[in-house]
Amino acid sequence: MWERMSYYGMRALLVIFMTMSLQEEGLGFSKDNAYAIYGLYTGAVYFMGLSGGWLADRLFGGQNAVWYGGIIIMLGHIVLAIPSQNTFFIGLILVVLGTGLLKPNISAMVGQLYTDKDARRDSGYTIYYMGINIGSVIGNLVCGWLATNQGYHWAFGAAAIGMAVGLIQFKITQYKLGTIATGPTVQLSSQGVRNSWVAIIAFLLILVAVTAMMSTGALVIDVVSVAKYVAYIFTAIFVLYYASIFFFGNLDADEKKRMISLLLICIASACFWAGFEQAGSSLNVFAHENTDRLLGSFEIPTAWFQSLNAVFIITLSPFFAALWINLGKRMLDPSYGVKCAIGILIMASGFIVMFFAAQAAASGLAVAPYWLVATYFLHTVGELCLSPVALSAVSKLSPKRFAGQMMGLFVLTYSIGNVIAGVLAGSFGGEESGDVSELFMFITTFAVSIGIIVLALSFFTGKWEKAGLNKEQA
């Protein structure tokens, strides 16, 4: 909860802060560059989850990875709170590295609290998801208010305090986790451990060198072009890593069937987040520039609109948790693939709403806030159909000896979606025109197409989701 408070509190401010003029104490970036940086940043946050899962499985253990990751995140927000442009990217990099350690491993630990036969797993992840979003509400409200009334660096500082509170809470209550994820699940040789540490140190040194060169102007990067290439690179890494586990992981026939079913869910996840993550970029800018935010004499901080998603999740999560349990009792529980397809289609309907809102705003008038309220409601319903269910699927369908890596690999689908989201926002909604209706219609068409394809394939893969599990239960 506290880690997401710090992350979402800062995330809601990022694009607006980058596009504000230097006179307004912003960075003065163009929208194209800001969208690309946002996509690269959020994509890198989730991409590092792949290495975070690997390190936890082989070196740290999940609990240590969460602890050290939280400390690095806190340090990143402290650096962002420093009122200096030269340290901005250093702060972002620290948050990326820390979240890569924390996020996949804390998600995997939730699944390890349940056995394969425990019907409460989906509901457990839904409750976990609700806790995350309580943090999101706190972050958006607190950091959004501070950014508007005290300045953006005060808001970044509040995110650091939130992460510090989370670290204290985690350490105090850590004993309740027992022996879950206390050590590596794969034992490396002493030479393997040394090689791993050499690789980690080499990576960090290269990262420091590149960051220093960028800060001094010795290295200039076209972030828009980089974002496009990174989307391809992340996708290629996902395919190669998934294939390596599938073909060289000594999987039996049932494990391979479950991995194929899981692949469809991963594809659905990447496509879903490519649309959903417009929340921090194009939808955020739409709220800032095209929405009437005045309530009498009070102006609603832009970041507060980001809280709508979390508020709706907190409200609706208990109903969805009960829904999956009741459907399971009646033997009517849809497969993971069907749930994900429904989630994508519902998310697409939110962009139909935004298409009409953008057309109204193109006339130059600020539109009413209820357009965004309706969109975030639909996106939330879609998210609850897909995201906690997909997390549960990864936990249940993954081969046990690859649990941490598979959760990290699944988090990579967030990364792919986030980078694509930034590229799309910049391609359709950059500096030249304030009309983003074309962007919203493109996402609608894309999401509907993917949703229909996933739904059709899930009727085949749904049977494979249970491969081997029924025999274990017998």
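This section reports on the structure supplied with the text. The written sequence of each chain sets the order in which its residues are numbered from 1. Per-residue local features of the predicted model are confined to residues with pLDDT of at least 70, and side-chain atom pairs are confined, for both listing and counting, to 80 or more; whole-chain, interface and lining totals are unaffected and use all residues. As a convention, hydrogens and water are excluded, and side-chain values are obtained from all of the structure's heavy atoms.

### Comments concerning the nonpolar core
Counting residues in each nonpolar core, the largest one holds 123 residues, and the members touching the most others are Tyr41, Phe286, Met406 and Phe440. Aside from chain neighbours lying at most four places away, what touches Phe286 is Thr291, Met354, Ala357, Ala358, Ala361, Val367, Leu372 and Val436. The set of buried Ala, Val, Leu, Ile, Met, Phe, Trp, Tyr and Cys residues whose side-chain atoms join them within 4.5 Å is what this entry labels a nonpolar core. Exposure classes here rest on a 1.4 Å probe applied to the protein chains alone. A residue is buried below 20% of its type maximum, exposed above 50%, and partly exposed in between. Of all hydrophobic cores here, the second largest spans 10 residues; its members include Val66, Met74, Met109 and Met163. Whether two residues are in contact is decided by their heavy atoms, any of which lying within 4.5 Å being enough.

### Points about the pattern of salt bridges
Salt bridge criterion: a side-chain nitrogen from Lys or Arg within 4 Å of a carboxyl oxygen from Asp or Glu. According to the stated counting rule, one finds five salt bridges in the structure shown. Measuring nitrogen to oxygen at the nearest pair gives 2.7 Å for the salt bridge that ties Glu3 to Arg4. Just as Glu3 is buried, Arg4 falls in that class too. Where Glu299 meets Arg293, a salt bridge forms, and the shortest distance between an N and an O atom there is 3.1 Å. Glu299 gets classed as partly exposed once you look at its relative accessible area, which sits at 42%. Classification of Arg293 as buried rests on a relative accessible area of 10%.

### Structural notes on a nonpolar patch on the surface
Together, Ile206, Val210, Met213, Met214, Leu219, Ile221 and Val226 make up a nonpolar patch on the protein surface, roughly 510 Å² of accessible area in all. The dominant element in the nonpolar patch, judged by the number of residues it contributes, is helix α7 (residues 190–216), at four residues. Among the structural elements, Val226 can be located in helix α8 (residues 223–248). A patch is a set of surface residues, each over 30% in relative accessible area and not in a salt bridge, joined within 9 Å for like charges and within 5 Å for the nonpolar side chains Val, Leu, Ile, Met, Phe, Trp and Tyr. Note on areas: Shrake-Rupley, 1.4 Å probe, and residue coverage restricted to the protein chains presented here. Helix numbers and strand numbers start at the N terminus; a helix is a DSSP run of H or I with at least 4 residues, a strand a run of E with at least 2.

### Here's the deal with the side chain of Glu255
Within the secondary structure layout, Glu255 lies in helix α9 (residues 253–276). Judged by its relative accessible area of 11%, Glu255 falls in the buried class. Excluding its chain neighbours within four sequence positions, the residues that come into contact with Glu255 are Asn250, Pro399 and Arg401.

### Examining the packing of aromatic side chains
Geometry of aromatic contacts follows a simple scheme: Phe, Tyr and Trp rings, the Trp one being its six-membered ring, pair when their centres are within 6.5 Å, and the pair is stacked under 30 degrees between planes, edge-to-face over 60, tilted otherwise. The final tally for this structure, using the stated rule, is 22 aromatic pairs. On the numbers, 5.8 Å between centres and 45° between planes, the contact of Phe298 with Trp304 is tilted. On the accessibility criterion, Phe298 (37% relative accessible area) is partly exposed. Ring pairing ties together the aromatic residues Phe17, Phe29, Phe88, Phe89, Tyr152 and Phe156, which thus form one cluster. Lysine NZ or arginine CZ positioned within 6 Å of the ring centre and within 35 degrees of the ring normal marks a charge as sitting over the ring. The ring of Trp67 has Lys171 sitting right over it, with the charged end atom 4.3 Å from the ring centre. Its guanidinium or amino end placed over the ring of Phe246, Lys256 lies 5.5 Å from that ring's centre, counting from NZ or CZ.

### Some thoughts on the side chain of Ser281
Mapping Ser281 onto the fold places it in the loop between α9 and α10 (282–289). According to the relative accessible area criterion, Ser281 is buried, its value standing at 0%. What Ser281 contacts, discounting residues up to four positions off in sequence, is Val15, Tyr35, Tyr38 and Ala425.

### Comments concerning the packing of helix α13 (residues 370–397) against helix α14 (residues 403–428)
A fitted line through C-alpha atoms serves as each axis, taken over the contacting stretch for helices, and the angle formed by two N-to-C directions is quoted from 0 to 180°. Contact geometry of α13 with α14 gives a least axis separation of 9 Å together with a crossing angle of 150°. Taken together, α13 and α14 sit at an angle that is classed as roughly antiparallel. Here α13 runs over α14; the crossing is right-handed. Contacts between α13 and α14 involve Ser387, Ala390, Leu391, Val394 and Ser395 from the former and Met406, Met407, Phe410 and Tyr414 from the latter. Here is the rule for angles: anything less than 35 degrees is roughly parallel, anything more than 145 is roughly antiparallel, 65 through 115 is roughly perpendicular, and the remaining ranges are oblique. The handedness criterion is simple: a crossing whose near helix is rotated anticlockwise from the far helix by less than a right angle is left-handed, and one whose near helix is rotated clockwise is right-handed.

### Details of α14
The span one expects for a helix is its residue count, reduced by one, times 1.5 Å. Here α14 contains 26 residues, and its C-alpha end-to-end distance of 38 Å stays within 8% of the 38 Å for a straight helix at 1.5 Å per residue. Judged by how many residues are buried, α14 sits mostly within the fold: 22 of 26 residues are covered.

### Focus on the environment of Ala36
Tracing the sequence through the fold places Ala36 in helix α2 (residues 31–60). Accessibility expressed as a relative area gives 4% for Ala36, which makes it buried. Spatially, the C-alpha atom of Ala36 lies 9.2 Å from that of Ile420, the residues being 384 residues apart in sequence. Apart from the residues within four sequence positions on either side, Ala36 is in contact with Val223, Val224, Ala227 and Gly422.

### Comments concerning the state of the cysteines
In this description, a disulfide is simply a cysteine sulfur pair whose atoms lie within 2.5 Å. One pass over the structure, following the stated rule, counts zero disulfides. Here Cys271 is not disulfide-linked; the sulfur of Cys340 is the nearest cysteine sulfur, at 11 Å. Left unpaired, Cys385 is separated from the closest cysteine sulfur, that of Cys340, by 9.2 Å.

### Remarks on the environment of Lys117
Residue placement: Lys117 occurs in the loop between α4 (88–112) and α5 (121–149). The exposed category is assigned to Lys117, whose relative accessible area is 58%. It is 9.7 Å that separates the C-alpha atoms of Lys117 and Lys396, two residues lying 279 residues apart in sequence.

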